[in-house]
Amino acid sequence: MSQTVWISRVDFVRLQHLIAVERRAARSPILARRRWLSDEDTACLDALEKKLASARLGGPVSLPKDVITLNARGRLRDSAANTVRDFTLVLPERADGRVGLISVLSPLGVALIGSRTGEEIEFRTDEGETRVAVESVLYQPEAAGDLHLW
């Protein structure tokens, strides 16, 4: 199932910068001691980089309104667990373990960025592969004209 992944141009630049900073920190002897990248962190960086390389870029007008972007709020449905949960996709420093905030550098966050309403996405957890459906995008900064969030 090869669906087009949409990324806003502004998110693309921010995420490319985030990847570069994380990779540079991992190679720095001083910074690496303060922040160690786990295998999962490295896998998320690799997956995000791959996703960005194949993404279609859009601006505030051309980006579909149901695409999950940074700072977008959405709703996920897990049919297997019979649960629904709301989330906001954020940069890692904003997530910090707070309920409802998903870091774009987590397995679920990488799967979410660029996804659209109605799509099923897969991501890895400690228990194995998990599949959830993007039920809706409740808020997208680009569609709302909230360009100050960039």
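Refer to the structure printed above.
Residues numbered from 1 in each chain as written. Predicted model: local features only at pLDDT ≥ 70, side-chain atom pairs only at ≥ 80, totals over all residues. Heavy atoms only, no water.

Novice: Can you lay out the pairing of strand S3 (residues 73-78) for me, pointing to particular residues and giving the numbers?
Specialist: The two faces of the sheet receive side chains in turn, since in a regular strand these alternate between them. Going residue by residue along S3, you find Gly74, Leu76 and Asp78 tucked away on one face and Arg73, Arg75 and Arg77 left uncovered on the opposite face. Pairing of S3 with strand S4 (residues 83-90), which is carried by 6 bridges, proceeds in the antiparallel orientation. When the bridges of S4 are listed, Gly74 appears paired with Phe87. Note: S3 against strand S7 (residues 128-139), 5 bridges, orientation antiparallel. Each residue of the ladder has a partner; that of Leu76, found in S7, is Val134. (Buried < 20%, exposed > 50% of the residue type's maximum accessible area, 1.4 Å probe, protein only. Helix = DSSP H or I, 4+ residues; strand = E, 2+ residues; numbered from the N terminus. Pairing = 2+ DSSP bridges.)

Novice: Which residues make up the pattern of salt bridges, and what are the values?
Specialist: As enumerated under the stated definition, the model contains 9 salt bridges in all. Asp11 serves as the salt-bridge partner of Arg14, at 4.0 Å between the closest nitrogen and oxygen. Taken as a pair, Arg14 and Asp11 lie in helix H1 (residues 9-27) at a separation of 3 residues, close to a single helical turn. Residue Glu129 pairs with Arg124 through a salt bridge whose shortest N-O separation is 3.2 Å. Overlapping salt bridges bring together Arg23, Asp46 and Glu49 as one network. (Salt bridge = Lys/Arg side-chain N within 4 Å of Asp/Glu carboxyl O.)

Novice: So what's going on with the layout of surface pockets? Which residues, and what values?
Specialist: To locate leftover empty space, one rolls a probe as large as a water molecule over the atoms. In this structure, the largest pocket encloses a volume near 670 Å³. Lining of the largest pocket is provided by 27 residues; of these, Lys51, Val110, Ala111, Glu122 and Phe123 occupy positions nearest its centre. Among the elements that line the lining of the largest pocket, the one with the most residues is helix H3 (residues 39-54), at 7 residues. In terms of residue class, the lining of the largest pocket is built from 10 nonpolar, 7 polar and 10 charged. Put simply, the second largest pocket is a space of about 340 Å³. Taken together, 19 residues line the second largest pocket, and the ones lying closest to its centre are Arg85, Leu101, Ile102, Ser106 and Leu108. Of all the secondary structure elements, the ones that give two or more residues to the lining of the second largest pocket are S3, S4, helix H4 (92-95), strand S5 (101-103) and S7. (1 Å grid on protein atoms, 1.4 Å probe; cavity = no way out; pocket = protein on both sides within 12 Å on 5 of 7 lines; lining within 4 Å. Points joined across faces, edges and corners; volume = space filled by probe spheres on them. Nonpolar A, V, L, I, M, F, W, Y, C, P; charged D, E, K, R; others polar.)

Novice: Tell me about the sheet that holds S7, residues and numbers included.
Specialist: Spatially, 5 strands are ordered S5-S4-S3-S7-S6 in an open sheet, and the strand pairing comes out mixed. Because the sheet does not close on itself, it has two edges, and the strands there are S5 and strand S6 (120-125). Direction aside, neighbouring strands of the sheet carry axes that sit 45 degrees apart on average. Two elements, S6 and S7, share 6 bridges in a ladder whose sense is antiparallel. Opposite Ile121, over in S7, you have Val132 as the bridge partner. (Axes fitted to C-alpha atoms, helices over the stretch in contact; angles between N-to-C directions.)

Novice: Can you tell me about the nonpolar core, naming the residues and giving the values?
Specialist: Leu15, Val104 and Leu112 are the most contacted members of the largest nonpolar core, which has 30 residues in total. Those elements that provide at least two residues to this core are H1, H3, S4, helix H5 (107-112), S6 and S7. (Core = buried A, V, L, I, M, F, W, Y, C linked by side-chain atoms within 4.5 Å.)

Novice: I'd like a rundown of H3, residues and numbers included.
Specialist: Here H3 contains 16 residues, and its C-alpha end-to-end distance of 23 Å stays within 8% of the 22 Å for a straight helix at 1.5 Å per residue. Regarding H3, the residues found buried are Cys44, Leu45, Leu48, Lys51 and Leu52. Projected down its long axis, H3 carries its buried residues within an arc of 130 degrees, all on one side. Of the residues in H3, the exposed ones pointing more than 90 degrees away from the buried face are Asp39, Lys50, Ala53 and Ser54. Along its buried surface, H3 packs onto strand S1 (6-8), H1 and H5. (Expected span 1.5 Å × (residues − 1). Arc of directions from axis to C-beta. Contact = heavy atoms within 4.5 Å.)

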